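# Structural features, examined
One-letter residues, chain by chain:
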Amino acid sequence: MLTFQSKTGDLTAGSFRIAGIFRSRNSSFDQVTVFTRFDDLAAILGTTGGMHEIAVVLKEGQKTNAVAAGLKKQYPSLLVQTWTELSPQMALLSGIMDQMMYIIIGIILLALMFGIINTMLMAVLERQREFGMLMAIGMNKPRVFAMIVLESVMLTCAGIPAGILFTSLTVGSLAKHGIDLSSFSKALSQYGFSNIIYPVLKQSMFMPVILMTALTAILSAIYPAIKALRFKPAEAIHKI
Amino acid sequence: MGNIIESHHLSKTYNPDTIPVHAVNNVDLAVEEGEFTALVGPSGSGKTTLLNLIGGLDYPTGGEVKIEGVDITNMSENKLIDFRLKNIGFVFQAYNLIPVLTASENVEFVMLLQKTSKNEREKRAVELLTEVGLKDKLNKRPSELSGGQQQRVAVARALASKPRFILADEPTANLDSVSTENLLEIMAKLNKEDNMTFIFSTHDQRVIDKARRVVTLVDGKIVSDTKK
Ligand SMILES: Nc1ncnc2c1ncn2[C@@H]1O[C@H](COP(=O)(O)OP(=O)(O)OP(=O)(O)O)[C@@H](O)[C@H]1O
Ligand SMILES: [Mg+2]
């Protein structure tokens, strides 16, 4: 037995026979959602062919606001709401996820920074004699500095394509098969998230991440480079 | 002819505050253009320290060094690097060359620092390597060369910058007797034909015999100075 408010404002009801029970990946959705035939419902509500809500699913999430604004303009009599307006908690959660991602990127870049500092410091200390010799025969400090920073950048440039290839392969495969998080499904489905996640690589993320990585490489080469400049040629050459 | 190198009361004391080591002690030395001078003395007598001081690789704790009348004792580190590039050629005992560059690229490197044009660099590198007998090794990396050949590349590299003199700290210490003789011959030839000034330290009697002037150091002091 289902009760509704009809188009005229009266309370009406209809009795339906349950034909099946469904379960989606979203338990809160399942609790409040019932599917009926459109015509049956229209008869009870007296809407005859009309409807009270249309859900629009976009392929590109970024266009939500633009499309909503367009629809508002086109149908000024209708109430147009984006999903963030309909479900602010969800929007908040999604925003937190995005922030988390930037924090994680930050942590990874920090780890990268330590990796590069370590590698370059080793490379510099190992070649102390070479740097001593170079300064002895007349390579000046700005050149030595530039050389070390450039080496670090080149190291990173070699790493970036390899990283992109690896990421594309792994994410590509996961996007196809999905990441099965069913062991956490209870928690996830309460928030309305599916328990199989299909990761996507945003093309727009590539450039900023590459630039940040390159910047990190340059920044982290500075300390090893300064270290190299402190070598005294007379001492560095005779280091065994 | 005037002196290219002059030192007055030159001293270098290591650890002045704890156990002072007078590595170079009040040395007066004058070197004229065209000399072929050996610096000898027992281990620890201060040969390396003295060469570093007159080559502007290290600062003295007392006295002064003049290269062609220019006092280099108070030059800043950056100015000294430039001064070395323009005036002094170096040959070290080992690790003279940049391992990833070929023989000719190593020789060209100093000329690159001096901003010599590409054509001239390549031409001069071939000339110099031919002069040291390595015409057929132009494109070999140091790891593909023998110790003696590497030292000859180092001599060619030292010459490339057209220096006023060449300092060599035990250039033959890691070489067998044939390579030693070979290197000395090349240095002597460059000295005779181009009037290039050489000052080298050594322990090797055969090398000492080839020198025309022998300066002996003991405990940082010159104890004998003989010209032949
Ligand atoms: N960086 C340093 N700190 C402290 N003492 C040093 C330093 N370098 C050299 N000495 C000391 O100075 C003295 C002279 O050393 P130097 O290396 O000039 O001798 P050398 O004649 O070149 O010896 P060798 O024949 O073994 O090469 C030695 O007693 C040495 O222990
Ligand atoms: Mg020595």
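Here, residues in each chain are numbered from 1, in the same order as that chain's written sequence. In the order they appear in the text, chains get letters beginning with A and ligands get numbers beginning with 1. Since the coordinates come from a predicted model, pLDDT governs what is reported: local features require at least 70, and pairs of side-chain atoms require 80 or more to be given and counted, while whole-chain, interface and lining totals use all residues. Side-chain calculation: all heavy atoms of the structure are included, whereas hydrogens and water are not.

## Some points on the overall build of chain A
Counting secondary structure elements, chain A contains 10 helices and 4 strands. Helices and strands appear in chain A in the N-to-C order β-β-α-α-α-α-α-α-α-β-α-β-α-α. Its C-alpha atoms give chain A a radius of gyration of 30 Å, more than 25% over the compact-globule value 18 Å for 240 residues. Two residues qualify as a contact provided that any one of their heavy atoms is within 4.5 Å of a heavy atom in the partner residue. Here the contacts in chain A between residues at least 6 apart in sequence split such that 63% fall between residues at least 24 apart. Each accessible area is a Shrake-Rupley estimate made with a 1.4 Å probe; only the visible protein chains count as cover when residues are assessed. Carbon together with sulfur atoms contributes 66% to the accessible area of chain A, which is approximately 17,100 Å² in total. Charged residues are defined here as Lys and Arg on the positive side and Asp and Glu on the negative side; His and the ends of the chain fall outside this count. Where a charge lies is defined by one atom per residue type: Lys uses NZ, Arg uses CZ, Asp uses CG and Glu uses CD. Separation of charge centres in chain A, based on 20 positive and 13 negative side chains, amounts to 9 Å. Think of it this way: any DSSP run of H or I at least four residues long counts as a helix, any run of E at least two long counts as a strand, and we number them from the N terminus. Throughout, the radius of gyration refers to the C-alpha atoms, and the reference size of a globule is 2.2 Å times the residue count to the power 0.38.

## Here's the deal with the interface of chain A and chain B
Across the contact, 17 residues belong to chain A and 23 residues belong to chain B. For any pair of parts, buried area is found by adding up, for both, the accessible area (1.4 Å probe) each one loses once the two are put together. Here chain A and chain B share an interface that buries about 1,800 Å² over both sides, 64% of which is from carbon and sulfur atoms. Three residues, Met-133, Ile-137 and Arg-143 of chain A, lead the burial of chain A against chain B; their summed loss comes to 30% of the area buried on that side. Just to be clear on terms, a salt bridge is a Lys or Arg side-chain nitrogen sitting within 4 Å of an Asp or Glu carboxyl oxygen. Where chain A packs against chain B, one counts 2 salt bridges. The definition of a polar contact used here is a pair of N or O atoms within 3.5 Å, where within protein one atom must be able to donate a hydrogen and the other to accept one, and adjacent residues in sequence count solely through side-chain atom pairs. Seen at the junction of chain A and chain B, the total is 3 residue pairs in polar contact (both at pLDDT 80 or more). Looking at the side of chain A that touches chain B, the elements with two or more residues in it are helix H6 (128–136), helix H7 (141–177) and helix H10 (233–237) of chain A. The biggest single contributor to the side of chain A that touches chain B is H6 of chain A, with 6 residues. When residues are grouped by polarity, Ala, Val, Leu, Ile, Met, Phe, Trp, Tyr, Cys and Pro land in nonpolar, Asp, Glu, Lys and Arg in charged, and all others, Gly among them, in polar. Taken together, the residues of the side of chain A that touches chain B sort by class into 9 nonpolar, 3 polar and 5 charged.

## Section: the site of ligand 1
All names here are of chain B. If you check the shell around ligand 1, you find 13 residues, and the closest are Ser-43, Gly-44, Lys-47, Thr-48 and Thr-49. Residue Lys-47 places a side-chain N or O atom 2.7 Å away from an oxygen atom belonging to ligand 1. Protein chains bury 64% of the 630 Å² of accessible surface belonging to ligand 1 in isolation. Of all elements in the fold, only strand S2 (21–32) and helix H1 (47–54) reach the threshold of two or more residues within the shell around ligand 1. By convention in this text, a residue qualifies as near a molecule or strand provided that one of its non-hydrogen atoms is within 4 Å of it.

## Observations regarding the packing of aromatic side chains
We call Phe, Tyr and Trp rings a pair once their centres come within 6.5 Å, taking the six-membered ring for Trp, and we label the pair stacked below 30 degrees between planes, edge-to-face above 60, and tilted otherwise. Tallied over the full model, the rule gives 5 aromatic pairs over all chains. For the ring pair Phe-131 of chain A and Phe-231 of chain A, a centre distance of 6.5 Å and an interplane angle of 40 degrees mean the geometry is tilted. Placement of Phe-131 of chain A in helix H6 and of Phe-231 of chain A in the loop between helix H9 (203–229) and H10 is noted, with a sequence separation of 100 residues between them. Using a 1.4 Å probe on the protein chains alone, a residue whose accessible area is under 20% of its type maximum counts as buried, one over 50% counts as exposed, and one in between counts as partly exposed. A residue is classified by how much of its surface remains accessible, and Phe-131 of chain A, at 0% relative accessible area, is buried. On the numbers, 5.1 Å between centres and 65 degrees between planes, the contact of Phe-36 of chain B with Phe-200 of chain B is edge-to-face. Highlighted residues: Phe-36 of chain B in strand S3 (residues 36–40) and Phe-200 of chain B in strand S8 (residues 197–201), separated in sequence by 164 residues. Comparing Phe-36 of chain B with Phe-200 of chain B, the two get one shared label, buried. Pairwise contacts between aromatic rings join Phe-36, Phe-198 and Phe-200 of chain B into one cluster. Look at NZ for Lys and CZ for Arg. If either is within 6 Å of the ring centre and within 35 degrees of the ring normal, a charge sits over the ring. Over the ring of Tyr-95 of chain B we find Arg-129 of chain A; its NZ or CZ atom is 3.7 Å from the centre of that ring.

## Some details on the confidence of the model for chain A
Within chain A, residue pLDDT values average 83, and 92% of them lie at 70 or more. Ranking the helices and strands of chain A by mean pLDDT puts H6 of chain A first, with 90, and helix H8 (residues 185–190) of chain A last, with 66. Confidence per residue, as judged by the predictor, is encoded in pLDDT with a range of 0 to 100.

## Details of the pattern of salt bridges
All names here are of chain B. The tally for this structure, following the rule as stated, stands at 16 salt bridges over all chains. Lys-66 serves as the salt-bridge partner of Glu-64, at 4.0 Å between the closest nitrogen and oxygen. Classification of Lys-66 as partly exposed rests on a relative accessible area of 27%. For the salt bridge of Lys-118 with Glu-122, the shortest nitrogen-to-oxygen distance reads 2.6 Å. Of this pair, Lys-118 and Glu-122 are both found in helix H4 (residues 118–131), 4 residues apart, which corresponds to roughly one turn of the helix. Residue classification places Glu-122 among the partly exposed positions, given a relative accessible area of 33%.

## So, the domain arrangement of chain A
All names here are of chain A. Each assigned domain of chain A is listed with its residue range as follows: domain 1 (1–52), domain 2 (56–86) and domain 3 (88–236). For the domain bounds, the source is a domain assignment made automatically or taken from a database. Taking only C-alpha atoms, the centre of domain 2 and the centre of domain 3 are 38 Å apart. Facing the 4 residues of domain 2 at the interface are 4 residues of domain 3. Approximately 290 Å² of surface area, both sides summed, lies buried where domain 2 meets domain 3, with 70% of it carried by carbon and sulfur atoms. Summed over the shared surface of domain 2 and domain 3, the result is 0 salt bridges. In this structure, the connection of domain 2 to domain 3 is made through 0 residue pairs in polar contact (both at pLDDT 80 or more). In terms of residue class, the side of domain 2 that touches domain 3 is made up of 2 nonpolar, 1 polar and 1 charged.

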